[in-house]
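# Topology and contacts: notes
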Amino acid sequence: MINKCLFPVAGYGTRFLPATKAMPKEMMPIVNKPLIQYGVQEAMDAGMRQIAFVTGRRKRSIEDHFDRTYELEDQISGTKAEHNLAEIRALMQSCTFSYTRQVQMKGLGDAIRTGETLIGNQPFGVVLADDLCIGDDKPVLSQMVDIFLKYQCSIVAIEEVPHEDTKKYGIISGKHLEDRLFMVDAMVEKPAVEDAPSNRAIIGRYILTPDIFEVLRDLPPGRNGEVQITDALNIQAKRKMVLGYQFKGQRFDCGSLEGFVAATNYFFKTMIA
Ligand code: UTP
């Protein structure tokens with residue numbers, strides 16, 4: 001089983017300024033629940049109960065969210081409002097939470113490398129909480145665990161995007177292996193539209209084998225001067241195998257204004273239905 005899930009949450013969230021000037025992007029609520037809580041719920045549903053955060057300065061409220069708030073809880077004890085805390089309390093009872101800080105925001109690859117101290121030598125999930133995913137029959141991370149149990153290698157979740165959007169994502173090329181599964185030959189980070197090898201984009205769900213840390217340790221900065229996880233996965237794909245899994249479900253890119261509003265509307269409708 002995979003017990004640990006890493007949440008890189010150190011990014012600046014510049015697309016949401018000024019909201020993210022003093023508040024973490026991951027604490028922005030979709031209706032009444034912060035983005036990060038949806039992600040942690042998905043990890044827990046996939047059996048990953050050891051939650052590891054790579055945080056940064058100005059991210060303290062994430063730690064506070066997964067902790068008791070004694071005065072408030074005392075005040076609302078026995079009232080109707082207490083019900084609103086049921087889900088977060090269930091998460092807190094079932095999971096453990098650990099934190100380390102990325103000191104300089106040198107990219108997602110660097111954030112994952114920073115998480116090694118919390119993960120150790122075992123396969124682990126990675127959730128980028130600003131990608132809010134809704135699985136069809138089961139959560140996306142749970143679908144990926146099923147694939148991992150069969151293939152025991154790193155897996156990236158992929159989604160087909162319009163060709164003109166390929167420049168916003170890591171894009172894979174690879175051979176079709178079986179239903180929804182591709183053996184990755186190469187990944188290109190945010191290619192120009194004419195250079196994109198396909199329209200299969202990597203989204204914010206990964207299962208990684210721990211040898212990724214060894215690759216990341218020696219990896220120089222790539223595109224935009226950032227340490228890119230796609231560069232590390234390219235090396236893993238050459239050394240052994242990396243799979244791309246076209247998940248069953250829907251994703252909202254809550255790192256963008258359009259996706260954030262679409263997710264808000266979606267969850268509000270399900271709430272009042
Ligand atoms: P994004 O590319 O979405 O960057 O990072 P961002 O800073 O969060 O947002 P914008 O683009 O400025 O609006 C993808 C994920 O990787 C994390 C982010 O927190 C986010 O979850 N990340 C990125 C880090 O933890 N550290 C980094 O150095 C970069």
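One can find the structure itself at the top, above this paragraph.
Note that this is a predicted model, so its numbers are computed, not measured. (Residues numbered from 1 in each chain as written. Predicted model: local features only at pLDDT ≥ 70, side-chain atom pairs only at ≥ 80, totals over all residues. Heavy atoms only, no water.)

### As for the pattern of salt bridges
- In the structure shown here, the tally under the stated rule is 20 salt bridges.
- Across the pair Glu73 and Arg68 runs a salt bridge, and its minimum N-O distance is 3.1 Å.
- Taking relative accessible area as the criterion, Glu73 reaches 10% and is therefore assigned buried.
- With a shortest N-O distance of 3.4 Å, Lys168 and Asp165 are connected by a salt bridge.
- Beyond isolated ion pairs, a larger network of salt bridges with shared partners links Arg68, Glu73, Glu82 and Arg89. (Salt bridge = Lys/Arg side-chain N within 4 Å of Asp/Glu carboxyl O. Buried < 20%, exposed > 50% of the residue type's maximum accessible area, 1.4 Å probe, protein only.)

### A look at the site of the ligand
- In the vicinity of the ligand lie 18 residues, with Thr14, Arg15, Lys25, Gln102 and Gly107 positioned nearest.
- In the model, an oxygen atom of the ligand is placed 2.9 Å from a nitrogen or oxygen of the Tyr12 main chain.
- With respect to the ligand, the side chain of Lys25 contributes an N or O atom lying 2.7 Å from an oxygen atom.
- Protein burial of the ligand: of its 570 Å² of free accessible surface, 82% is covered by the chains.
- Assessed atom by atom at 2 Å from the grid points, the ligand resides in the largest pocket.
- Among the residues forming the shell around the ligand, the class breakdown is 8 nonpolar, 5 polar and 5 charged. (Near = heavy atom within 4 Å. Polar contact = N/O pair within 3.5 Å; in protein donor to acceptor, adjacent residues only side chain to side chain. Areas by Shrake-Rupley, 256 points an atom, 1.4 Å probe, with all protein chains shown as cover. 1 Å grid on protein atoms, 1.4 Å probe; cavity = no way out; pocket = protein on both sides within 12 Å on 5 of 7 lines; lining within 4 Å. Sits in = over half its atoms within 2 Å of the grid points. Nonpolar A, V, L, I, M, F, W, Y, C, P; charged D, E, K, R; others polar.)

### Some details on the layout of surface pockets
- When its volume is computed, the largest pocket comes out at roughly 1300 Å³.
- For the lining of the largest pocket, the secondary-structure elements that each account for two or more residues are helix 5 (108-114), strand 8 (154-160), strand 11 (200-208), helix 9 (229-239), strand 13 (249-253) and helix 10 (257-272).
- Of the residues that constitute the lining of the largest pocket, the class distribution is 16 nonpolar, 13 polar and 15 charged.
- Put simply, the parts of the chain that give the lining of the second largest pocket at least two residues each are strand 3 (33-34), helix 1 (35-45), helix 2 (60-65), helix 3 (70-76), helix 4 (86-94) and helix 10.
- With 5 residues, the single largest contributor to the lining of the second largest pocket is helix 4.
- Its residues placed into classes, the lining of the second largest pocket shows 9 nonpolar, 7 polar and 7 charged. (Points joined across faces, edges and corners; volume = space filled by probe spheres on them. Helix = DSSP H or I, 4+ residues; strand = E, 2+ residues; numbered from the N terminus.)

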